[in-house]
2 protein chains.
Amino acid sequence: MQEIRVELAKTLKDKPVDESKLGFGQVFTDYMFVMEYTAGQGWHDPVIKPYGPISISPAAMCLHYGQEVFEGMKAYRADDGRVLLFRPEENFKRLNRSNKRMCIPPIDEELALCSLKKLVDLDRDWIPKAKDSSLYIRPFIIATEGKLGVKSSDSYLFIILLSPSGPYYASGLDPVKIYVESSYVRAVRGGTGEAKTGGNYASALIAQEEAHEQDYAQVLWLDGVERKYIEEVGAMNIFFVIDGEVVTPALNGSILPGITRKSTIELLQSWGQKVSERRISIQEIADAYDAGKLTECFGTGTAAVISPVGELKWQDKVMPIGGGQIGAISQKLYDTLTGIQWGRLDGPAGWSVDIDA
Amino acid sequence: MQEIRVELAKTLKDKPVDESKLGFGQVFTDYMFVMEYTAGQGWHDPVIKPYGPISISPAAMCLHYGQEVFEGMKAYRADDGRVLLFRPEENFKRLNRSNKRMCIPPIDEELALCSLKKLVDLDRDWIPKAKDSSLYIRPFIIATEGKLGVKSSDSYLFIILLSPSGPYYASGLDPVKIYVESSYVRAVRGGTGEAKTGGNYASALIAQEEAHEQDYAQVLWLDGVERKYIEEVGAMNIFFVIDGEVVTPALNGSILPGITRKSTIELLQSWGQKVSERRISIQEIADAYDAGKLTECFGTGTAAVISPVGELKWQDKVMPIGGGQIGAISQKLYDTLTGIQWGRLDGPAGWSVDIDA
Ligand SMILES: Cc1ncc(COP(=O)(O)O)c(C=O)c1O
Ligand SMILES: Cc1ncc(COP(=O)(O)O)c(C=O)c1O
């Protein structure tokens, strides 16, 4: 494995005084990880260096043609002082799957994890202590070749940033209101929906803004072909509890394969709870609601872990769910997942990775 | 209108000696235009300054969420020394339409055109003299706010780059081979297809690479819903001549509204040639081919102007068109458009804009 060089900072920044005001992804630590790719030479020169602006060509392909991918994960501070990552190998595997779709050369997953541990270790004093707060980790790759022809870049930067963050939704585990989007489309089969790449998020901004204007926190996307089948939320996968059965849209190529989604399914199965991954139409949800069978709905994602949905709006139909309360399954999943993440509970082998081990 | 400041370079770069080796978008001039946007303050501080790298936050939203738009146009050197732009107002209008879709604040189109003229003037010695060569112009806007939450940025950079360029296809007006893409999808209604934004191009790279492997120059996209109807080529709109009628896909929301497309339609109509903008299935093209009625096919775009298509491949069906020759309509359009662009012919009022006028 390549040696990871460390350039120490001359002075360290002041840490945030009030951890309750951290917000999400707004404050950055003292260091970042950077590695370059050059055609012919491959990925080279992994280095941890002081966090700061980067200098790139104004013709860099990421600025014009969006050739870029990213990941999102967290480091958690356990009560006993350990610093834990949650299934980090899954994130680097997914990063390489995104790379493949976006014609970006694969990274060495082992080197990436090793670099991440070293980076988090150096910045460990930045991991917040407040409840539900953690160190958000953002690995990303951008195309840097400074040419304007449309083609894959022949140079890239792989960077990891760290950001001490509070809960994603200011309201914590309070149920969120979600708006079913009927005009805009996020992704379609044959497109880039299952890759974590910039364009998917850029295209979603307008729908998100329109939802906010109507006082909804996020948008629930329908499929791009028939605009009938449920896909996912802005930055979460979605689950429903219908008549005692847990259902979630199957991975069909246009949905992000969430790691919290996967962990949720695995936990539910380990509890003997039936989970179906299948095609779910929004009409089916409305019918289940009308029949009084839609007892819970929740989103899953790194940022908010489990996010109970307290209201769905589809066209003119407003569907309150769970009477403002968190459902039993949502609550048990939240407690278990956060318990494992913060090291209070033992999870399945390999889920918790101690950065010092 | 805001005053455009100019920072002169201390030394100028050497100009390319061999204009036949320019390629496309690889060499940049001495200057670039830069203007900043800050929430509350709006667009401010337009400046022309030496071309060089830009410094941005590694958390800049354009690097993660692809909030970015661009344009492509050219400056042409006429035989009598005039420097001409082709319908530049159309490009800035389209930039603002892209901005709207991508939640980017609109620019002042008049200021943009004025800045562009001033920039091209300062760099006028860079405009190549070789036949079919011109100064490629790349206006673009990127989201620069350094935060990781998914939302519209509250700061942006609007930059214009200039690049002396040769013909887009090394083979010039020789017919190109195009591959009809049946698996990957570029855009879908409700998505961002009609905006000129990075994600549309990033998602297309993989199909383009697979086409190249089969020795095809570009991909012809089908619609995202039924994968039946013709949309456009990588960086060109597409036209067919069937039984004496010119047809092109209607603007349906997922196709880029090309300025060369629009000019082509207007020219054909002014010649009394019937043009239909409508839905065209790939099956219809194959049937027309089988019936011997598909006499011409060509792409339209700023880069190559008119690009005759000499072969279409759809699944296993290979359809050579025009017997390796350029069709009469394609040739007349090419001669007329390039004639107007280089100032040899008079076009409709307003098409040619002299930067000194
Ligand atoms: C579009 C989208 N869907 C789902 C998710 C949830 O994925 P994960 O559980 O891996 O965080 C995310 C966030 O990462 C996302 O951006
Ligand atoms: C996707 C796409 N379609 C069509 C075109 C042609 O547009 P125009 O004629 O304005 O250059 C371009 C190039 O600009 C393009 O990128």
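Residues numbered from 1 in each chain as written. Chains lettered and ligands numbered in written order. Predicted model: local features only at pLDDT ≥ 70, side-chain atom pairs only at ≥ 80, totals over all residues. Heavy atoms only, no water.

Chain A is annotated in an unreviewed UniProt entry as Branched-chain-amino-acid aminotransferase of uncultured Anaerotruncus sp. Recorded in UniProt under Cofactor (unreviewed entry), the annotation for chain A is "pyridoxal 5'-phosphate". According to the UniProt record, the Sequence similarities (unreviewed entry) comment for chain A reads "Belongs to the class-IV pyridoxal-phosphate-dependent aminotransferase family." (UniProt positions renumbered as here; feature names shortened; annotations may be inferred.)

I keep staring at the relation of the copies chain A and chain B and nothing clicks. Help me out?
One copy of the chain maps onto the other through a rotation about an axis plus a displacement along that axis. Between chain A and chain B, which share one sequence, the superposing operator has a rotation angle of 180° and an axial displacement of 0.0 Å; the RMSD is 0.0 Å. As the rotation angle and translation indicate, the two copies are arranged about a two-fold axis. A shared binding surface is used by both copies, with 100% of the interface residues of chain A retained as interface residues in chain B. (Least-squares fit on C-alpha atoms with pLDDT ≥ 70 in both. Contact = heavy atoms within 4.5 Å.)

Would you mind showing me how to read the site of ligand 1 here?
Residues and elements named next belong to chain A. Neighbouring ligand 1 are 16 residues; K196, Y201, E232, T260 and T302 lie closest to it. Y201 is positioned with one of its side-chain polar atoms (N or O) 2.5 Å from an oxygen atom of ligand 1. Interatomic distance of 2.6 Å between a side-chain N/O atom of T302 and an oxygen atom of ligand 1. Protein coverage of the free-state accessible area of ligand 1, which is 390 Å², stands at 96%. If you list the elements that add at least two residues to the shell around ligand 1, you get helix 6 (259–270) and strand 16 (294–301). (Near = heavy atom within 4 Å. Polar contact = N/O pair within 3.5 Å; in protein donor to acceptor, adjacent residues only side chain to side chain. Areas by Shrake-Rupley, 256 points an atom, 1.4 Å probe, with all protein chains shown as cover. Helix = DSSP H or I, 4+ residues; strand = E, 2+ residues; numbered from the N terminus.)

Where do I start with helix 8 (residues 328–341) of chain A in this structure?
At 3.6 residues per turn, the α-helix brings residues three or four places apart onto the same side. Residues and elements named next belong to chain A. If you check helix 8, its first and last C-alpha atoms are 20 Å apart, about what 14 residues at 1.5 Å a residue would give, namely 20 Å. Burial within helix 8 is extensive, with ten of its 14 residues counted as buried. Residues of helix 8 that are buried: I329, S330, L333, Y334, T336, L337, T338, G339, I340 and Q341. (Expected span 1.5 Å × (residues − 1). Buried < 20%, exposed > 50% of the residue type's maximum accessible area, 1.4 Å probe, protein only.)

Help me out: how do you make sense of the packing of helix 2 (residues 88–101) of chain B against helix 3 (residues 109–122) of chain B in this one?
Between two packed helices, both the angle of their axes relative to each other and the distance between the axes serve to describe the pair. Residue and element names in this part refer to chain B. Closest axis-to-axis distance for the helix 2/helix 3 pair is 10 Å, and the angle between their directions is 130°. Relative to helix 3, the element helix 2 is oriented oblique. Crossing angle aside, the handedness with which helix 2 passes helix 3 is right-handed. Residues P88, E89, F92, K93 and N96 of helix 2 form the contact with helix 3, whose own contacting residues are E109, A112, L113 and L116. Residues of the contact of helix 2 with helix 3, tallied by class, amount to five nonpolar, one polar and three charged. (Axes fitted to C-alpha atoms, helices over the stretch in contact; angles between N-to-C directions. Parallel < 35°, antiparallel > 145°, perpendicular 65-115°, else oblique. Left-handed = near helix turned anticlockwise from the far one by under 90°. Nonpolar A, V, L, I, M, F, W, Y, C, P; charged D, E, K, R; others polar.)

Would you mind going over the interface of chain A and chain B with me for this structure?
Interface size is commonly expressed as the accessible surface area that is lost when the partners come together. The partner chain B presents 59 residues to the 59 residues of chain A that form the contact. On the chain A side of the contact with chain B, P58(A), L63(A) and L148(A) bury the most area, a combined 13% of that side's loss. In this structure, the connection of chain A to chain B is made through zero salt bridges. Summed over the shared surface of chain A and chain B, the result is 24 residue pairs in polar contact (both at pLDDT 80 or more). If you list the elements that add at least two residues to the side of chain A that touches chain B, you get strand 4 (54–56), helix 1 (61–65), strand 5 (68–70), helix 2 (88–101), strand 8 (134–143), helix 4 (198–202) and helix 5 (205–213) of chain A. (Buried area = accessible area lost by both parts, 1.4 Å probe. Salt bridge = Lys/Arg side-chain N within 4 Å of Asp/Glu carboxyl O.)

Any chance you could explain the pairing of strand 3 (residues 42–50) of chain A here in plain terms?
For a regular strand, side-chain orientation follows a simple rule: the groups alternate between the two sheet faces. Residue and element names in this part refer to chain A. Relative to strand 3, strand 1 (residues 5–6) runs parallel, the two sharing two bridges. Among the inter-strand pairings, R5 is bridged to a residue of strand 3, identified as V47. Where strand 2 (residues 31–38) lies against strand 3, seven bridges are found, and the strand directions are antiparallel. Across the sheet, the residue bridging to M32 is K49, located in strand 3. In textbook terms, the turn of a hairpin is the stretch between consecutive antiparallel strands, and for strand 2 and strand 3 this stretch comprises three residues, one of which, G40, has a positive phi near 95°. (Pairing = 2+ DSSP bridges.)

What is the right way to read the packing of aromatic side chains from this model?
Residues and elements named next belong to chain A. Considering all chains together, one arrives at 26 aromatic pairs over all chains under this definition. Centroid distance F86 to W351: 5.7 Å. Interplanar angle 85°. Geometry classified as edge-to-face. Placement of F86 in strand 7 (residues 83–86) and of W351 in the loop between helix 8 and strand 19 (352–354) is noted, with a sequence separation of 265 residues between them. Grouped by ring-pair contacts, the aromatic residues F33, Y37, W43, Y156 and F158 constitute a single cluster. Seen from the ring of Y229, R279 lies directly overhead, with NZ or CZ sitting 3.9 Å from the centre. (Phe/Tyr/Trp six-rings, centres within 6.5 Å; stacked < 30°, edge-to-face > 60°. Lys NZ or Arg CZ within 6 Å of the ring centre and 35° of its normal.)

Whenever I open this one, the pattern of salt bridges confuses me. Can you help?
Opposite charge on two side chains permits them to pair, given that their charged atoms come into close proximity. Applying the stated criterion to the full structure yields 38 salt bridges over all chains. Of the charged contacts, one joins E145(A) and K151(A) as a salt bridge, the two residues approaching to 2.7 Å between their closest N and O atoms. Here E71(B) makes a salt bridge to R94(B), at a shortest N to O gap of 2.8 Å. Of this pair, E71(B) sits in the loop between strand 5 (68–70) and strand 6 (73–77) while R94(B) sits in helix 2, and the two are 23 residues apart along the sequence. We note that E71(B), like R94(B), is buried. Taken together, the shared-partner salt bridges in this structure form one network comprising E90(A), K93(A) and K262(A).

Can you help me understand the pairing of strand 9 (residues 155–165) of chain B in this one?
Residues and elements named next belong to chain B. With eleven of its eleven residues buried, strand 9 lies for the most part within the structure. Where burial is concerned, the two faces of strand 9 agree: the one with S155, L157, I159, L161, S163 and S165 and the one with Y156, F158, I160, L162 and P164 are both buried. Both strand 2 (residues 31–38) and strand 9 contribute to a ladder of six bridges, which runs antiparallel. Note on strand 9: the bridge partner recorded for V34 is I159. Pairing of strand 8 (residues 134–143) with strand 9 involves ten bridges; the strand directions are antiparallel. By the bridge assignment for strand 9, Y136 is matched with S163.

Is there a simple way to explain the site of ligand 2 in this structure?
All names here are of chain B. Around ligand 2 there are 16 residues in total, and K196, Y201, E232, T260 and T302 lie nearest to it. One of the side-chain nitrogen or oxygen atoms of R94 is found 2.8 Å away from an oxygen atom of ligand 2. A distance of 2.6 Å is found between an oxygen atom of ligand 2 and a side-chain nitrogen or oxygen belonging to T260. Isolated, ligand 2 exposes 380 Å² of accessible area, and the fraction of that covered by the protein chains is 97%.

It is not clear to me how the domain arrangement of chain A should be interpreted in this structure. Could you clarify?
Residue and element names in this part refer to chain A. As far as domains go, chain A holds domain 1 (5–166) and domain 2 (176–341). Measuring from the centre of the C-alpha atoms in domain 1 to the corresponding centre in domain 2 gives 27 Å. The interface is formed by 21 residues belonging to domain 1 together with 21 residues belonging to domain 2. Here domain 1 meets domain 2 over a buried area of about 1,900 Å², counting both sides, of which 55% is carbon and sulfur. (Domains from an automatic or database assignment.)

Got a minute to help me understand helix 7 (residues 282–290) of chain B in this structure?
Residues and elements named next belong to chain B. Those residues of helix 7 not exposed but buried are I282, I285, A286 and A288. The buried residues of helix 7 occupy one face: seen down the axis, they fall within an arc of 160°. Looking one or two places after helix 7, you find G292, whose phi comes out positive at around 75°. (Arc of directions from axis to C-beta.)

Sorry, what's going on with the UniProt feature "modified residue: N6-(pyridoxal phosphate)lysine" (unreviewed entry) in chain A here?
All names here are of chain A. Per the UniProt annotation, the sites labelled "modified residue: N6-(pyridoxal phosphate)lysine" (unreviewed entry) are K196. Using a relative accessible area of 11% as the deciding quantity, one classes K196 as buried. Beyond its immediate chain neighbours, meaning those up to four positions away, K196 contacts E68, V69, F70, E71, G72, R94, S98, Y201 and L256.

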